[in-house]
Amino acid sequence: MTKYVISGGRPLFGEVEISGAKNAAVAIIPAALLVDGVCRLENIPQISDVTICLKLLEQLGAQIRSINPHTVEIDCRHIRSTRTSYDLPCRIRASYYLIGALLGRFGTAEVAMPGGCNFGGPRPIDQHIKGFTAMGAQVFTAEGGFIHASTESGRLKGASIYLDVVSVGATINIMMAAALAEGNTVIDNAAKEPHIVDLANFLNSMGANIRGAGTDTIKIQGVDRLSGGTYAIIPDQIEAGTYMAAVAATGGQVLIKNIIPKHMDCITAKLLECGVEVEQQDDTLLVRRSSPLKRTNVKTLPYPGFPTDMQPQMTTVLTLAQGTSLVTESVWSSRYRYVDELKRMGAKIQVDDKTAIVEGVDHLTGAPLQASDLRAGAALVIAALAAHGVSEITQIYYVERGYENIVGKLRALGADIRLVEEPDQPGLTGMGVS
Ligand code: EPU
């Protein structure tokens, strides 16, 4: 068992370099399957979700060459199989992107049901299937734990698709499937997250014809072939936001480097309301908190709204603010499994359906804690950094899925955080679905 041991109460000072975006990398790596050539991807984050994505491609026959810790070359010219293994796809959510990519390139895909963070509610993929079906695929979802999708002609046909919900995953999957389809595809009510634009830019740099990514309507004119090239992945908006939230909770001053300021506006706006100072300088943000935190209300929304993937971290900040704040989760039906852990530390939070009522307290107290998903784990790290006393956080493999070298980066900012390995206790082990 590996855990973080954190002795809290130290303000953070210094500089932190933000890594490549997880949710862009886990879309762009599968998208390399569409490319009949060698893709060189730069600014790849070193996180376990990326390792799994690369292994998934390798299992299908892709040649992967690591150039340096953040650069890989992926050659998908000689793919052997369009059927994935069972175990690996179940460990990450993004494995569903293999359906769009394989279907788009080869007209057929058999992909084990995706895993991903369990927020305590459903994570349907009906909109992905709606898109593939509109493009002429037949999709079966209940065959031995696999999703089967195929076309009779071997090539999808462009279609007009209106998404009933704004879905990041469905927008990305349909965009991939449409890149090599015959004719034009239009996605209406598309998601606008930075990683959607990044995927479109990647595909366009390989020869695709995609317009409108970042708006409600994306238009894709199918092309016959994508060829190789070099592409650098954008910085991680949520990793940057997590460090901003950490400074807000602990106090101190940190220069957050390698960010795209526009992507951070939705997070910056809320931290300013809490009395945190944020100064933008080119591709950096200087974050400082020297006075007590003020209360605010937060509602998660699709981009450019406040991101759901920052909701647990922001709620943690608000546990230390003066007054009562309301947090409303409106993207997922439920995402408050971490709240009981914060309560162990003395936080006063009441969850009523999608709303958390957060009554600020003077301080949190260190406690034994368990991460229940990636962002929940990040929130607990922030809480532990700000708390009086020592916390031990277990199930940290969730955190390692999406944060590169979080221990090293926080230690460089003066945090007292250690990664401690302990022998597994029989009967208490197992990575489970991450
Ligand atoms: N939805 C449907 N039908 C669908 C797809 C989605 O009803 O076919 C609903 C979902 O139930 C949810 C909403 O639409 O209520 C949004 O889901 P979305 O499809 O946008 O989420 P996702 O693609 O599965 C990605 C990120 C998540 C992030 C969400 C929302 C990846 C790999 N995952 O998930 O990131 O929370 O978008 O922004 O990109 C994380 O990084 O911690 C994480 C969970």
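What counts as what
- Residues numbered from 1 in each chain as written.
- Predicted model: local features only at pLDDT ≥ 70, side-chain atom pairs only at ≥ 80, totals over all residues.
- Heavy atoms only, no water.
- Pairing = 2+ DSSP bridges.
- Helix = DSSP H or I, 4+ residues; strand = E, 2+ residues; numbered from the N terminus.
- Axes fitted to C-alpha atoms, helices over the stretch in contact; angles between N-to-C directions.
- Contact = heavy atoms within 4.5 Å.
- Expected span 1.5 Å × (residues − 1).
- Buried < 20%, exposed > 50% of the residue type's maximum accessible area, 1.4 Å probe, protein only.
- Disulfide = S-S within 2.5 Å.
- Phe/Tyr/Trp six-rings, centres within 6.5 Å; stacked < 30°, edge-to-face > 60°.
- Lys NZ or Arg CZ within 6 Å of the ring centre and 35° of its normal.

J.: Mind showing me how you'd approach the sheet that holds strand S5 (residues 71-75) here?
T.: Sheet strands pair via backbone hydrogen bonds, and the direction of the pair is either parallel or antiparallel. On the basis of which strands lie adjacent, the open sheet formed by four strands has the order S4-S5-S3-S13 and mixed pairing. Only two strands of the sheet have a single partner each, and these edge strands are strand S4 (63-68) and strand S13 (229-232). Neighbour-to-neighbour, the strand axes of this sheet turn through a mean angle of 20°, independent of strand direction. With five bridges joining them, S4 and S5 adopt antiparallel strand pairing. Opposite Gln63, over in S5, you have Asp75 as the bridge partner. Packed onto the sheet, helix H6 (residues 194-205) meets strand S3 (38-42) and S13 and runs at close to 165° relative to S13.

J.: Teacher, can you tell me more about H6 here?
T.: Because each turn of an α-helix spans 3.6 residues, side chains separated by three or four positions in sequence point in the same direction. Helix length check: H6, at twelve residues, gives a terminal C-alpha distance of 16 Å against a target of 16 Å (1.5 Å per residue), a fit within 8%. The set of residues buried in H6 consists of Pro194, His195, Ile196, Asp198, Leu199, Ala200, Phe202 and Leu203. Phi turns positive, to about 115°, at Gly207, one or two residues after H6.

J.: Explanation requested: the state of the cysteines in the structure shown.
T.: In protein chemistry, a disulfide is the covalent bond that joins the sulfur atoms of two cysteines. One pass over the structure, following the stated rule, counts zero disulfides. The thiol sulfur of Cys53 is not disulfide-bonded, and the nearest other cysteine sulfur, from Cys76, lies at 12 Å. This cysteine, Cys76, is not joined by any disulfide, and Cys39 carries the nearest cysteine sulfur, 6.7 Å off.

J.: Explain the environment of Glu42 to me, please; I cannot follow it from the model alone.
T.: Structurally, Glu42 can be placed in strand S3. Taking the relative accessible area as the measure of exposure, Glu42 reaches 30% and is therefore partly exposed. The contacts of Glu42, once residues within four sequence positions are left out, are His70, Thr71, Thr230, Tyr231, Ala232 and Ile233.

J.: What is the right way to look at the packing of aromatic side chains in this model?
T.: Each pair of aromatic rings is reported with the distance of its centres and the angle of its planes. Summed over all chains, the structure comprises five aromatic pairs. A ring pair is formed by Tyr96 and Tyr97, whose centres lie 4.9 Å apart and whose planes are at 65°; its orientation type is edge-to-face. Like Tyr96, the residue Tyr97 is buried in the burial classification. Ring centres of Tyr397 and Tyr398 lie 4.9 Å apart, and the angle between their planes is 45°; on these two criteria the pair is classed as tilted. Directly above the ring of Phe146 sits Arg83, whose terminal nitrogen or CZ lies 4.0 Å from the centroid.

J.: Explanation requested: the sheet that holds strand S22 (residues 390-394) in the structure shown.
T.: Judged by pairing direction, the sheet is mixed, and its four strands sit side by side in the order S21-S22-S1-S23 without closing on themselves. A strand with exactly one partner marks an edge of an open sheet, and here the two such strands are strand S21 (368-370) and strand S23 (416-421). For this sheet, the mean inter-axis angle between neighbouring strands, taken without regard to orientation, is 25°. Where S21 lies against S22, three bridges are found, and the strand directions are parallel. Residue Leu369 lies in a different strand from S22, and its bridge partner there is Ile393.

J.: What is the right way to read the pairing of S3 from this model?
T.: Regular strands place side chains that alternate from one sheet face to the opposite one. Alternating residues of S3 divide into Cys39 and Leu41, all buried, and Val38, Arg40 and Glu42, none buried. Examined bridge by bridge, S3 and S5 share four bridges and lie antiparallel to one another. Across the sheet, Leu41 pairs through a bridge with Val72, a residue of S5. As paired elements, S3 and S13 share four bridges and run parallel to each other. Along S13, the bridge assignment pairs Glu42 with Ala232.

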